[in-house]
Amino acid sequence: MSIIVENLTHIYNPNTPFETTALNDVSFQIDKGDFVGLIGHTGSGKSTLIQHLNGLLKASSGKILVNDFEITKKDVKLREIRQKVGLVFQYPEHQLFEETIYKDVAFGPINLDLSQEEVDRRVREAIQLVGLSFEDVKERSPFELSGGQRRRVAIAGVVAMRPEVLILDEPTAGLDPKGRDEILDQIKALHNRYKMTVLLVSHSMEDIARLVDKIVVMHRGTVALQGRPREVFQHVELLESIGLAIPQITYLMRRLKAMGKPIRDDVLTIEEAKTEIINWLRRK
Ligand code: ADP
Ligand code: MG
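The model shown is predicted, which means the values in this text are computed figures rather than measured ones.

**Details of the UniProt feature "domain: ABC transporter" (unreviewed entry) in the protein chain**
Part 1 of the argument: Per the UniProt record, "domain: ABC transporter" (unreviewed entry) is annotated on residues 3-245.
Part 2 of the argument: End-to-end, the C-alpha atoms of residues 3-245 are 27 Å apart, and along that stretch the chain is 38% helix and 25% strand.

In structure tokens form, the structure reads like this:
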């Protein structure tokens, strides 16, 4: 098992008038190598949850295991967790601060006390893995790049730590459609190539349907639903009642089915819908 979360509760500002229970008895499991989507309305607890997975927030109660390593134990060092779990925050490019891209990506690995040779190797690899040319960008300032490229540099900084688990909090927020697709394709490629466990927070049901093996749905600090995308997206009423939706193409196929057309209504992507509609027309 890769990640096990057991009865996790997090209370902000306990015993004050500002007390907020952001996570309430959350339990779920993610298998090693899974690509998991984390969805939920704003304020449902997604960001609070993922910050526990790399030790930035401490559980009020409950337990978290990452590859059998209990990160919620009192004496665990943040550094040990960070080597296993890489977290890419929302708008991570705001945290770039070095004068060159090389230095920015090298920052994490240098703090792992690796040899200069090893740091070099990792920085070069990470920059290329996010689709940038090492030679072209290494000496440039992050501030010369476009927003989408800066975000890739920030992601490279986490990838260069070679985490076993990569967590991304809305990595495509604010990017144009091309930049969004490119970043998601890079993440998918990382997952495929390194069998990295990936946890992706996203508001796009289309992206979630296309990319992930499993979905965890958060609602008011609890897990409302979890399972494979095809199962989860069958629960239209529940999802809508908690401020979420299903992919647009799935709505369309459900509509056609409701009109009596003999087609599957659990289709999740445009590609699948195309095949399904063509087959139906051929059968007619
Ligand atoms: P999401 O990422 O799904 O939008 P969050 O984890 O940011 O949800 O928030 C969950 C709940 O915790 C919300 O009610 C939010 O207002 C509250 N919260 C988040 N961060 C803090 C904080 N630093 N201090 C107090 N309350 C917080
Ligand atoms: Mg959030």
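**Thoughts on the site of ligand 1**
Part 1 of the argument: Around ligand 1, the surrounding shell consists of Tyr12, Asn13, Thr20, Ala22, His41, Thr42, Gly43, Ser44, Gly45, Lys46, Ser47 and Thr48.
Part 2 of the argument: A distance of 2.7 Å separates an oxygen atom of ligand 1 from a polar backbone atom of Gly43.
Part 3 of the argument: One of the backbone nitrogen or oxygen atoms of Gly45 is found 3.1 Å away from an oxygen atom of ligand 1.
Part 4 of the argument: Alone, ligand 1 offers 560 Å² of accessible surface; in the complex the protein occludes 60% of this.
Part 5 of the argument: Looking at the shell around ligand 1, the element that brings in the most residues is helix α1 (residues 46-53), giving three residues.
Part 6 of the argument: Residues that form the shell around ligand 1 fall into these classes: two nonpolar, nine polar and one charged.

**Comments concerning the pattern of salt bridges**
Part 1 of the argument: Counted under the stated rule, the structure contains 19 salt bridges.
Part 2 of the argument: Through salt bridges with shared partners, a single network forms among Glu118, Arg121, Arg122, Glu125 and Arg162.

**With respect to the packing of aromatic side chains**
Part 1 of the argument: Summed over the entire model, instances satisfying the criterion amount to two aromatic pairs.
Part 2 of the argument: Where Tyr102 meets Phe134, the ring centres are 6.2 Å apart and the plane angle is 65 degrees; that geometry is what we call edge-to-face. Separated by 32 residues along the polypeptide, Tyr102 in helix α3 (residues 101-111) and Phe134 in helix α5 (residues 134-137) bring together distant segments of the chain. Each member of the pair, Tyr102 as well as Phe134, carries the same accessibility label: buried.
Part 3 of the argument: The ring of Phe69 carries the charged tip of Lys84 above its face, separated from the ring centre by 5.2 Å.

Rules and cut-offs
Residues numbered from 1 in each chain as written. Chains lettered and ligands numbered in written order. Predicted model: local features only at pLDDT ≥ 70, side-chain atom pairs only at ≥ 80, totals over all residues. Heavy atoms only, no water. UniProt positions renumbered as here; feature names shortened; annotations may be inferred. Helix = DSSP H or I, 4+ residues; strand = E, 2+ residues; numbered from the N terminus. Near = heavy atom within 4 Å. Polar contact = N/O pair within 3.5 Å; in protein donor to acceptor, adjacent residues only side chain to side chain. Areas by Shrake-Rupley, 256 points an atom, 1.4 Å probe, with all protein chains shown as cover. Nonpolar A, V, L, I, M, F, W, Y, C, P; charged D, E, K, R; others polar. Salt bridge = Lys/Arg side-chain N within 4 Å of Asp/Glu carboxyl O. Phe/Tyr/Trp six-rings, centres within 6.5 Å; stacked < 30°, edge-to-face > 60°. Buried < 20%, exposed > 50% of the residue type's maximum accessible area, 1.4 Å probe, protein only. Lys NZ or Arg CZ within 6 Å of the ring centre and 35° of its normal.

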